[in-house]
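Commentary on secondary and tertiary structure
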Amino acid sequence: MSSEIRGAYAANGATEVPPRLEQARAQAFRRFGIDLLEHRFDTDSPLIPFRLSSTETFQCLNLFRDNDDLRSFATGEQIRQALHAVAGESRWRLWQDRMILQDKHVGGRTSWHQDGAYAPYEFDRHICSLWVNLNDSDDEPLLFVVPGSHRWGRQDAVLRGFGERSSGVDLPTTIGGHRVQAQARTVPFGGFHAHHGAVWHAPNLFDCSAERVAYGMYFIAVEDVSEEWDDDKNPLVIC
């Protein structure tokens, strides 16, 4: 199974990663996110606007630094197994996590991007983003990806030129000699999806009758063990 997952990640820059998060824990994380959303107007709310969305979508960053449950999860055995399955590297640093939150019946448009373009590291460093679907609905895609785009280099200008899209799949068919074919990725509740920091992708901000919650963790592969890091802010994950 690991070889199949690793092959899909290497070829496409994105893959689903079994197994699912246990249901009780997934529900607890979902309730935590909804509680954040319900208190978004409090003066001490940690939520900020999600700038890649045209509608009222919120995010909360670096939750693992203050939440022991999320920290133990993001650095725990299931995450270690997932990272090893997709890429094989043995040492990673968790450099950020975030929850993306939407209230009921919001929907909206979304922007294509590469995570590596927003990371405070050189673009050619290997970043792997692991997302957990915490939406009640399994019917709608969690996100859209363009398979193979992680091999095309940094493409900020091209992606900005797309603007915001009402659908994740309405893209040009070819760009710079590359065939562009967006794919919808449907992930079950509690399921994991991994994507490379250079792959083109866009969250699916569909209109839903329930609050939408997704939790993402961003890891950077670490080859030089002597590289200076703050272990508290960026814990080491050894697979």
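Just so it is clear, the model here is predicted, and its values are computed rather than measured.

Overview of the overall build of the chain
Counting secondary structure elements, the chain contains 5 helices and 15 strands. A principal-axis box enclosing the C-alpha atoms of the chain has dimensions of 45 × 45 × 35 Å. Here the contacts in the chain between residues at least 6 apart in sequence split such that 86% fall between residues at least 24 apart. When the accessible area of the chain is evaluated, it comes to approximately 11000 Å², of which 46% is carbon and sulfur surface. Averaging the positions of the 24 positive and the 34 negative side-chain charges in the chain gives two centres separated by 4 Å.

Some remarks on the pairing of strand β13 (residues 200-203)
Here β13 shows two buried faces, one formed by Trp 200 and Ala 202 and the other by His 201 and Pro 203. Bridge count between strand β7 (residues 143-146) and β13: 4 bridges; the pairing is antiparallel. Among the inter-strand pairings, Val 146 is bridged to a residue of β13, identified as Trp 200.

Considering the nonpolar core
Soluble globular proteins tend to pack their nonpolar side chains together in the buried interior. In this structure, Phe 73, Met 99, Tyr 215, Met 217 and Phe 219 are the most contacted members of the largest nonpolar core, which totals 39 residues. Core analysis: the second largest hydrophobic core is formed by 16 residues, Phe 50, Trp 95, Ala 119 and Trp 229 among them.

Examining the packing of aromatic side chains
Tallying each qualifying case throughout the model produces 10 aromatic pairs. Judged by centre distance (6.1 Å) and plane angle (85°), the ring pair of Trp 131 and Tyr 218 falls under edge-to-face. With Trp 131 in strand β6 (residues 127-133) and Tyr 218 in strand β14 (residues 212-221), this pair connects stretches of sequence that are 87 residues apart. Residue Trp 131 is classed as buried on the basis of its relative accessible area, which comes to 12%. Pairing Trp 152 with Trp 200 gives two aromatic rings, centres 5.1 Å apart and planes at 90°, and the pair type is edge-to-face. With Trp 152 in the loop between β7 and α5 (156-162) and Trp 200 in strand β13, this pair connects stretches of sequence that are 48 residues apart.

Digging into the side chain of His 195
When you line up the elements, His 195 lands in strand β12 (residues 192-196). The class of His 195 is buried, set by a relative accessible area of 1%. In terms of polar contacts, His 195 uses its side chain to reach the side chain of Asp 115, at 2.8 Å. In this structure the side chain of His 195 is engaged in a polar contact, spanning 3.3 Å, whose partner is the side chain of His 201.

A look at the confidence of the model for the chain
The share of residues in the chain with pLDDT of 70 or more is 92%, and the mean pLDDT across the chain is 88. Per-residue pLDDT, averaged within each element of the chain, yields its smallest value for strand β8 (residues 164-165) (66) and its largest for β12 (97).

Considerations on the pattern of salt bridges
Taken as a whole and assessed by the stated rule, the structure comprises 7 salt bridges. Between Arg 40 and Asp 103 there is a salt bridge; the shortest N-O distance is 3.2 Å. Residue Arg 40 is found in the loop between α2 (23-38) and β2 (48-49), and its partner Asp 103 is found in the loop between β4 (91-102) and β5 (110-111); the two are separated by 63 residues along the sequence. Relative accessible area serves as the criterion here: at 17%, Arg 40 is assigned to the buried category. With relative accessibility at 26%, the residue Asp 103 sits in the partly exposed group.

Here we look at unusual backbone geometry
Along the chain, Pro 18 connects to Pro 19 via a cis peptide bond; the corresponding omega equals -5°. The topology assignment puts Pro 19 in the loop between β1 (14-17) and α2. Phi is positive for Asn 62, close to 55°, though the residue is something other than glycine. Secondary-structure assignment places Asn 62 in the loop between β3 (57-61) and α3 (68-74).

Some details on the sheet that holds strand β11 (residues 183-185)
Hydrogen bonding along the main chain pairs the strands of a sheet, whether they run parallel or antiparallel. Strand order in the open sheet made by the 3 strands is β11-β7-β13, with antiparallel pairing throughout. In the strand order of this sheet, the two ends are held by β11 and β13, each with one partner. In this sheet, adjacent strand axes meet at a mean angle of 25° when their direction is disregarded. Strand direction decides the pairing type here: β7 and β11, joined by 3 bridges, are antiparallel. Paired with Val 145 across the strands is Gln 183, a residue of β11.

Quick notes on the rules
- Position numbers for residues start from 1 in each chain and track the written sequence from start to end.
- Where totals are concerned, whole chains, interfaces and linings use all residues; where local detail is concerned, this predicted model gives features only for residues with pLDDT of at least 70, and gives and counts side-chain atom pairs only at 80 or more.
- Only hydrogens and water are set aside when side-chain values are computed; all heavy atoms of the structure are taken into account.
- Helix and strand assignments come from DSSP, with helices taken as H or I runs of at least 4 residues and strands as E runs of at least 2, each series counted from the N terminus.
- The contact criterion used throughout is that any non-hydrogen atoms of two residues lie within 4.5 Å.
- A 1.4 Å probe and the Shrake-Rupley method give the accessible areas. Residues count as covered only by the protein chains that appear here.
- Here Asp and Glu are counted as negative and Lys and Arg as positive; His is not counted, and neither are the chain ends.
- Taken as the charge location is NZ of Lys, CZ of Arg, CG of Asp or CD of Glu.
- The rule is simple: take the accessible area with a 1.4 Å probe, protein chains only, and divide by the maximum for that residue type; under 20% is buried, over 50% is exposed, in between is partly exposed.
- Strand pairing is assigned whenever DSSP identifies at least 2 bridges connecting the two strands.
- Buried residues of nine kinds, namely Ala, Val, Leu, Ile, Met, Phe, Trp, Tyr and Cys, make up a nonpolar core once their side-chain atoms join them within 4.5 Å.
- For Phe, Tyr and Trp, rings pair up if their centres lie within 6.5 Å, where Trp contributes its six-membered ring, and each pair is then called stacked (planes under 30 degrees apart), edge-to-face (over 60) or tilted (otherwise).
- Side-chain atoms alone can form a polar contact between residues adjacent in sequence; in general such a contact is a pair of N or O atoms within 3.5 Å, and within protein one must be able to donate a hydrogen while the other accepts it.
- The predictor's confidence in any single residue is recorded as pLDDT, a number from 0 to 100.
- By definition here, a salt bridge exists when the distance from a side-chain nitrogen of Lys or Arg to a carboxyl oxygen of Asp or Glu is within 4 Å.
- Helix axes are fitted only over the stretch in contact, all axes being lines through C-alpha atoms; the angle between N-to-C directions runs from 0 to 180 degrees.

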